[in-house]
Amino acid sequence: MSDKKPELSAAMKSKAEPKIFKKNPINGTKFTIAISSAKGGVGKSTFATNLALALKKTGCKVGLLDADIYGPSIPKMFDINEKPKSDGQKLEPIIKYEIQCMSIGFLADQQTPMIWRGPMVTSAIKTFTQKVNWRDLDFIIVDMPPGTGDTQLTFSQEIKMDGAIIISTPQEVALLDVKRGIKMFDKLGVKILGLIDNMSFFKGDDGKNYKIFGDGGVKKTAEEFSKEFLGEIPINPEVGKSGDRGKPIVEADPDHEISTIYINLAKKIKSIYL
Ligand code: ADP
């Protein structure tokens, strides 16, 4: 019998690479995936919520951690208005659409701006990763705050992140920041699973694709940094409407063409890790 080991995929191989920092895994989960964007408003939270739901549809147990402490959007996108229960030691995640969810937005008044300094950010992150009763999860999807500031650094230094997905629109101004984001994750030893081009085009009633924010920039950036390009998600009004209604499109309409994009991506991620 040959003792030749099966070939591992590129993503699996790089998991074995030495990490620069000693990092703790989040209790109760196998894999932690960060969803990151260099700028606000490019669809990061929409992507994080729909990817979490798509992973669930592929049979995974999924948690969703809203680490966007300056602008949490999971409470609105999942229509969660209750506060998490606590036994004095740990917080219970709120379960919605079979996803275990935690967000600073569950704990604070939604309309109060979060004016937090470094140490408070670190302690919030520790609470969410160590003091939440996450249970038997295959994946935690972390909705990161936009940019390359304190929270991203603290998170990526302290927590064992198994992969990061960077999402952008194809605008030049967004792409500049994407490059910074790529460099940050590379420096911190976090494997970048790939780049997503969100709101890449709008399909008109005439059947033509209109490239509202530019063309091909995210793919080009991926190539420039030798990262995988994970694909395009078009602009579709249903995406916004379903998010605003508190039931993201993958849950509201799993057969929608946008949902199919998410479910295919979820299958790909699942096959890399499980
Ligand atoms: P971010 O988390 O990057 O700030 P959001 O996820 O809140 O961005 O998205 C910003 C806005 O864009 C929201 O109103 C959302 O519904 C909308 N949006 C995101 N992706 C799409 C898409 N593919 N098609 C249409 N609207 C989208």
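Higher on the page you've got the structure.
These numbers were taken from a predicted model, which means no experiment stands behind them.

Novice: Let's hear about unusual backbone geometry: which residues, and what values?
Specialist: Located in the positive-phi region is Asp-136, a residue other than glycine, with phi close to 50 degrees. As for its position among the elements, Asp-136 is in the loop between α5 (118-130) and β5 (137-143). Phi at Ser-226 takes a positive value of approximately 55 degrees, unusual for a residue other than glycine. You can see Ser-226 is positioned in the loop between α8 (217-224) and β9 (229-235). Note on Ser-226: relative accessible area 66%, which makes it exposed.

Novice: Provide a residue-level description of the site of the ligand, including the pertinent values.
Specialist: Inspection of the region around the ligand gives 16 residues, with Gly-41, Lys-44, Ser-45, Thr-46 and Pro-234 positioned closest. The contact in question runs from an oxygen atom of the ligand to an N or O atom on the backbone of Gly-43, over 3.0 Å. In this structure, Ser-45 approaches the ligand through a main-chain N or O atom, which is 2.8 Å from an oxygen atom. In terms of residue class, the shell around the ligand is made up of seven nonpolar, eight polar and one charged.

Novice: Before we move on, can you summarise the side chain of Thr-29 with the specific residues and values?
Specialist: Among the structural elements, Thr-29 can be located in strand β1 (residues 29-37). Owing to a relative accessible area of 15%, Thr-29 belongs among the buried residues under this scheme. Within the structure, Thr-29 has its side chain in polar contact with the backbone nitrogen of Ile-140 (distance 3.5 Å). Ignoring any residue separated from it by four or fewer positions in sequence, one finds Thr-29 in contact with Leu-137, Asp-138, Phe-139 and Ile-140.

Novice: Could you give an account of empty space enclosed by the protein, with specific residues and numbers?
Specialist: It is the rolling of a water-molecule-sized probe over the atoms that shows where space remains empty. Taken as a whole, this structure holds one cavity of 30 Å³ or more when the rule is applied. Lining the largest cavity, in full, are Ser-36, Ser-37, Ala-38, Gly-147, Thr-148, Ile-166, Asp-177, Gly-181, Met-184 and Phe-185. The set of elements that each furnish at least two residues to the lining of the largest cavity consists of β1 and α7 (172-187). Here the lining of the largest cavity gets four residues from one element, more than from any other, and that element is α7. Grouping the constituent residues of the lining of the largest cavity by class yields four nonpolar, five polar and one charged.

Novice: Outline the environment of Gly-240, listing residues and values.
Specialist: Its location among the elements puts Gly-240 in helix α9 (residues 237-244). For the pair Gly-240 and Gly-43, spaced 197 residues apart in sequence, the C-alpha separation works out to 9.5 Å.

Novice: An account of the layout of surface pockets is requested, with residue identities and associated values reported.
Specialist: Size it by volume and the second largest pocket reaches roughly 270 Å³. Put simply, the parts of the chain that give the lining of the second largest pocket at least two residues each are α2 (44-57), α3 (74-77), β7 (192-203), β9, α9 and α11 (257-273). Class assignment for the residues of the lining of the second largest pocket results in nine nonpolar, nine polar and two charged.

Novice: Explain the packing of α7 against α8 to me, using residue names and the numbers behind them.
Specialist: When two helices pack together, their arrangement is given by the angle between the helix axes and the distance between those axes. α8 packs onto α7 with a crossing angle of 30 degrees between their chain directions and a minimal axis gap of 11 Å. With respect to their mutual orientation, α7 and α8 come out roughly parallel. Considering only the axes of α7 and α8, their crossing is right-handed. Side by side, α7 and α8 meet where Leu-175, Val-178, Lys-179 and Ile-182 of the first sit next to Gly-217, Val-218, Thr-221 and Glu-224 of the second. Partitioning the contact of α7 with α8 into residue classes produces four nonpolar, two polar and two charged.

Novice: Summarise a nonpolar patch on the surface; cite the residues concerned and give the values.
Specialist: Together, Phe-202, Tyr-210 and Ile-212 make up a nonpolar patch on the protein surface, roughly 270 Å² of accessible area in all. With respect to the element layout, Phe-202 can be found in strand β7.

Novice: Can you break down the nonpolar core residue by residue, with the values?
Specialist: The nonpolar side chains of a soluble globular protein tend to be buried, and buried together. Counting 74 residues, the largest nonpolar core has Phe-47, Leu-51, Ile-141 and Ile-165 as the members making the most contacts within it. For this core, the leading source of residues is α11, giving eight residues. Contacts of Phe-47, omitting those with residues within four sequence positions, involve Ile-35, Ile-165, Ile-167, Ile-196, Ile-233, Tyr-262 and Leu-265.

Novice: Pulling in residues and values, what's your account of the packing of α2 against α11?
Specialist: Where α2 contacts α11, the axes come no closer than 8 Å and their chain directions differ by 70 degrees. In terms of axis orientation, α2 runs roughly perpendicular to α11. When the axes of α2 and α11 are compared, the crossing they make is right-handed. Across the interface between the two elements, Thr-46, Phe-47, Asn-50, Leu-51, Ala-54, Leu-55 and Lys-57 of α2 pack against Tyr-262, Ile-263, Leu-265, Ala-266, Ile-269 and Lys-270 of α11. The residue makeup of the contact of α2 with α11, split by class, is nine nonpolar, two polar and two charged.

Analysis parameters
Residues numbered from 1 in each chain as written. Predicted model: local features only at pLDDT ≥ 70, side-chain atom pairs only at ≥ 80, totals over all residues. Heavy atoms only, no water. Helix = DSSP H or I, 4+ residues; strand = E, 2+ residues; numbered from the N terminus. Buried < 20%, exposed > 50% of the residue type's maximum accessible area, 1.4 Å probe, protein only. Near = heavy atom within 4 Å. Polar contact = N/O pair within 3.5 Å; in protein donor to acceptor, adjacent residues only side chain to side chain. Nonpolar A, V, L, I, M, F, W, Y, C, P; charged D, E, K, R; others polar. Contact = heavy atoms within 4.5 Å. 1 Å grid on protein atoms, 1.4 Å probe; cavity = no way out; pocket = protein on both sides within 12 Å on 5 of 7 lines; lining within 4 Å. Points joined across faces, edges and corners; volume = space filled by probe spheres on them. Axes fitted to C-alpha atoms, helices over the stretch in contact; angles between N-to-C directions. Parallel < 35°, antiparallel > 145°, perpendicular 65-115°, else oblique. Left-handed = near helix turned anticlockwise from the far one by under 90°. Patch = residues over 30% accessible without salt bridge, like charges linked within 9 Å, V, L, I, M, F, W, Y side chains within 5 Å. Areas by Shrake-Rupley, 256 points an atom, 1.4 Å probe, with all protein chains shown as cover. Salt bridge = Lys/Arg side-chain N within 4 Å of Asp/Glu carboxyl O. Core = buried A, V, L, I, M, F, W, Y, C linked by side-chain atoms within 4.5 Å.

Keep in mind that these numbers describe shape and distance, not what the molecule does.
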